[in-house]
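# Residue-level structural notes
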Amino acid sequence: MDGIKLSFPPESPPLSVIVALSLSASPVTIDSSAAATTVPTFVFSDGRKLSGATVLLRYVGRSANTLPDFYGNNAFDSSQIDEWVDYASVFSSGSEFENACGRVDKYLESRTFLVGHSLSIADVAIWSALAGTGQRWESLRKSKKYQSLVRWFNSILDEYSELLNKVLATYVKKSSGKPVAAPKSKDSQQALKGDAQDKGKPEVDLPEAEIGKVRLRFAPEPSGYLHIGHAKAALLNKYFAERYQGEVIVRFDDTNPAKESNEFVDNLVKDIGTLGIKYERVTYTSDYFPELMEMAEKLMREGKAYVDDTPREQMQKERMDGIDSKCRNHSVEENLKLWKEMIAGSERGLQCCVRGKFNMQDPNKAMRDPVYYRCNPMSHHRIGDKYKIYPTYDFACPFVDSLEGITHALRSSEYHDRNAQYFKVLEDMGLRQVQLYEFSRLNLVFTLLSKRKLLWFVQTGLVDGWDDPRFPTVQGIVRRGLKIEALIQFILEQGASKNLNLMEWDKLWSINKRIIDPVCPRHTAVIAERRVLFTLTDGPDEPFVRMIPKHKKFEGAGEKATTFTKSIWIEEADAIAISVGEEVTLMDWGNAIVKEITKDEEGRVTALSGVLNLQGSVKTTKLKLTWLPDTNELVNLTLTEFDYLITKKKLEDDDEVADFVNPNTKKETLALGDSNMRNLKCGDVIQLERKGYFRCDVPFVKSSKPIVLFSIPDGRAAK
């Protein structure tokens, strides 16, 4: 979009176009000095023009390179976007404004974006229409009338806060709702573009970070294996530590003995090593249990916490309704008496919990007297039966963060409502505050990242374990054939964005393909069932062997021994496609002409015969065939393909996972492979010519036991 100038009447700036240009970092010069211009207009360097706000907005949507799917990724999405772009004008009608708000609010009840799973010009059009009304929309934002609409509006404003606030300050007069005259300074466009130009870069700043003084922590709960969502948090900690020459602490948040085990601890450490994360030391929240108990008692003595024996369901209802607990005004003596019962794990103590004394009428429900301690007589995986009480994450996390000298705690944006709680806990404790830095949780289509739901698959036997190649665990996706370099690149390309996207796996597997394709060895396999023998009447009477490269463009892959024989095996699918008299290419050998095709009573091809034509040009043949020699040196293979474990793109919190289990997630095909595959090791990645990429899961042991190869997705659309 170089060389384009945007002109418009100074009193009527096209807000949606300016927002779209700013978000996409489009290099368009803004010129509001042309008083003769009556409508927004793009003037191109060759003199051509486009006019009209919606026309310009669609042009930006089609031209933007920095925002994927800004104008949809298919015809249906683009048409839906057009509908919303046209609908945006309704908000400028005074009588229809609230009706329009109501319609969009209802539509957004179960959606993050208006169209698809990422920001588009549909969102820009409606967002700008609302923002452009100034005080009228600001008044509604403060009410509870259109909660879904306000949530959507705020999420976009939060994600691009600096950029959008500059646009609003420059072009919208909040007090009246009327657009303000656009600035004439040449610096105005640079001011708008400044942040957007850096949007796609992975360099993201930590607030108030100083080189050499940053300390971060990665704090998984040892209740499962590390999955791709945790990997994002871990790798962002690694990235920031390296950028600021700081350090990372690995801390196990082991405050829930019912779900935790040493098996999970050991495998989390293993997975953190797999990700290449260098950490200063490993700590456990349980290391601080004595200090945490002292702090809880201190808060009770200061009247900042109390013991509550309200039944759990009633407590939840009171929290939702903003009703004070009957125990809230217990005396210090009564609280300490019940606290001792909790420590002892007595019958009375089991009825109680410790709560912080905040504000039960706070609009943010996370601030309504959160639970600090629960009584739980279960044995702990590290310290056995020493304690009968355990702190909650909300109480322990800020305490340990501050004590361990953490400067910045990275948390996914799902914890956003609990940030105020985090700061309040530290304030009441009288401890040093810690900077919180949010990033969006990684959500992938047809993928479960809930450890509870993943555990259900393990316990029901629907998968082979936490390292099952259908699982999103680090061990699972590595076993499937993903290279850690691809995962790191995929996550860092997203940066520390707070944008909540439901992402496809295709991009990750495409990155993986770019890493493995230039170096992985090539081998040959033929599907065993109904394979067809192709006899070359002038082929070699005695088999001979020739050494050829395993990868024609990468010497480091080495060489393989290829045997040439008079009779060779080809796949039935290839045999069916051949006609008598047709010339075909036998890969890594040369051309051959098919002279005869034999079929059985059912019309299936059972044999071919032909002659070699090694002088023939491979450029003139339609079929390029993979083949194997008819020898007893071939190896047996099991080619394994996998599908998603669930049938719904995104499970909601109240969805029962059992209702969406995919009954067909694994397909095994028997095949024959070239003899060189006897040397494959577990974990080796290869390409089977014309079949795709595979990872060796079970190497050659003996002829009767097949080599097991797992198919690696390549990022292309599924067949």
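Residues numbered from 1 in each chain as written. Predicted model: local features only at pLDDT ≥ 70, side-chain atom pairs only at ≥ 80, totals over all residues. Heavy atoms only, no water.

Tracing the chain through its elements places Ala 573 in helix α21 (residues 572–576). Distance from Ala 573 to Thr 669, taken between C-alpha atoms, is 14 Å for residues 96 residues apart in sequence. (Helix = DSSP H or I, 4+ residues; strand = E, 2+ residues; numbered from the N terminus.)

The four strands lie next to each other as β8-β9-β10-β11, forming an open sheet whose pairing is antiparallel. Edge strands, defined here as strands with exactly one partner in the open sheet, are β8 (305–308) and β11 (389–391). Here the strands of the sheet are splayed against their neighbours by 20 degrees on average, with no regard to which way each runs. Direction of pairing for β8 relative to strand β9 (residues 353–356): antiparallel, over a ladder of four bridges. Residue pairing for β9: Val 307 is matched across the bridge by Val 354. (Pairing = 2+ DSSP bridges. Axes fitted to C-alpha atoms, helices over the stretch in contact; angles between N-to-C directions.)

Direction vectors running N to C along helix α1 (residues 15–23) and helix α8 (residues 161–171) enclose 150 degrees, while the axes themselves pass 10 Å from each other. In terms of axis orientation, α1 runs roughly antiparallel to α8. Here α1 runs over α8; the crossing is right-handed. In contact with Leu 15, Ile 18, Val 19, Ser 22 and Leu 23 of α1, α8 contributes Leu 163, Leu 164, Val 167 and Tyr 171. When the residues that make up the contact of α1 with α8 are grouped by side-chain class, the tally is eight nonpolar, one polar and no charged. (Parallel < 35°, antiparallel > 145°, perpendicular 65-115°, else oblique. Left-handed = near helix turned anticlockwise from the far one by under 90°. Contact = heavy atoms within 4.5 Å. Nonpolar A, V, L, I, M, F, W, Y, C, P; charged D, E, K, R; others polar.)

In the structure shown here, the tally under the stated rule is 38 salt bridges. The closest approach of N and O atoms between Glu 138 and Arg 141, which form a salt bridge, is 3.2 Å. Taken together, the residues Glu 138 and Arg 141, both in helix α6 (residues 135–142) and three residues apart, mark about one turn of the helix. You can call Arg 141 partly exposed: its relative accessible area is 24%. Close ionic contact of Arg 355 with Asp 308 constitutes a salt bridge, the shortest N to O distance being 2.9 Å. Taken together, the residues span a long stretch of sequence, with Arg 355 in strand β9 and Asp 308 in strand β8 at a distance of 47 residues. Comparing Arg 355 with Asp 308 shows no difference in burial state: the two are buried. Linked by salt bridges that have partners in common, Arg 217, Arg 251, Asp 401 and Glu 404 make up one network. (Salt bridge = Lys/Arg side-chain N within 4 Å of Asp/Glu carboxyl O. Buried < 20%, exposed > 50% of the residue type's maximum accessible area, 1.4 Å probe, protein only.)

The next point concerns the UniProt feature "domain: Glutathione S-transferase C-terminal" (unreviewed entry) in the chain. This chain's UniProt record puts "domain: Glutathione S-transferase C-terminal" (unreviewed entry) on residues 101–156. As annotated, residues 101–156 comprises 64% helix and 0% strand, and the C-alpha atoms at either end are separated by 17 Å. (UniProt positions renumbered as here; feature names shortened; annotations may be inferred.)

Let us look at the packing of helix α3 (residues 75–87) against helix α4 (residues 97–107). The geometry of α3 relative to α4 is characterised by a closest axis approach of 13 Å and an angle of 155 degrees between their N-to-C directions. Taken together, the axes of α3 and α4 lie roughly antiparallel to each other. Where α3 crosses over α4, the two elements pack in a sense that is left-handed. In contact with Gln 80, Trp 84 and Tyr 87 of α3, α4 contributes Ala 100, Arg 103, Val 104 and Tyr 107. Taken together, the residues that form the contact of α3 with α4 break down as five nonpolar, one polar and one charged.

Bringing the state of the cysteines into the picture now. One pass over the full model with this rule turns up zero disulfides. Cys 397 takes part in no disulfide bond, and the closest cysteine sulfur, belonging to Cys 353, lies 19 Å away. No disulfide involves Cys 682; its nearest neighbouring cysteine sulfur is the one of Cys 696, lying 6.1 Å away. (Disulfide = S-S within 2.5 Å.)

Now for the confidence of the model for the chain. Scored by pLDDT, the chain has a mean of 89; 92% of the residues are at 70 or more. Contacts of residues 174–202 to residues separated by more than four positions or lying in other chains number 58 contacts, the stretch itself having pLDDT below 50. (pLDDT = per-residue confidence, 0-100.)

Here we come to the sheet that holds strand β17 (residues 525–527). Taking strand neighbours across the sheet as the criterion, the seven strands line up as β16-β29-β30-β31-β27-β28-β17 in an open arrangement whose pairing is mixed. At either margin of the open sheet sits one strand with a lone partner, and together these are β16 (522–523) and β17. Pairing of β17 with strand β28 (residues 666–673), which is carried by three bridges, proceeds in the antiparallel orientation. Of the residues in β28, the one forming a bridge with Val 526 is Leu 672. On top of the sheet, helix α20 (residues 506–516) reaches β29 (685–688), β30 (692–698) and β31 (707–712); it is set at about 120 degrees to β31, its chief contact.

Together, Val 269, Tyr 279 and Val 282 line one region of the surface with nonpolar side chains, adding up to about 190 Å² of accessible area. Of note, Val 269 is situated in helix α11 (residues 262–274). Residue classification places Val 269 among the partly exposed positions, given a relative accessible area of 32%. (Patch = residues over 30% accessible without salt bridge, like charges linked within 9 Å, V, L, I, M, F, W, Y side chains within 5 Å. Areas by Shrake-Rupley, 256 points an atom, 1.4 Å probe, with all protein chains shown as cover.)

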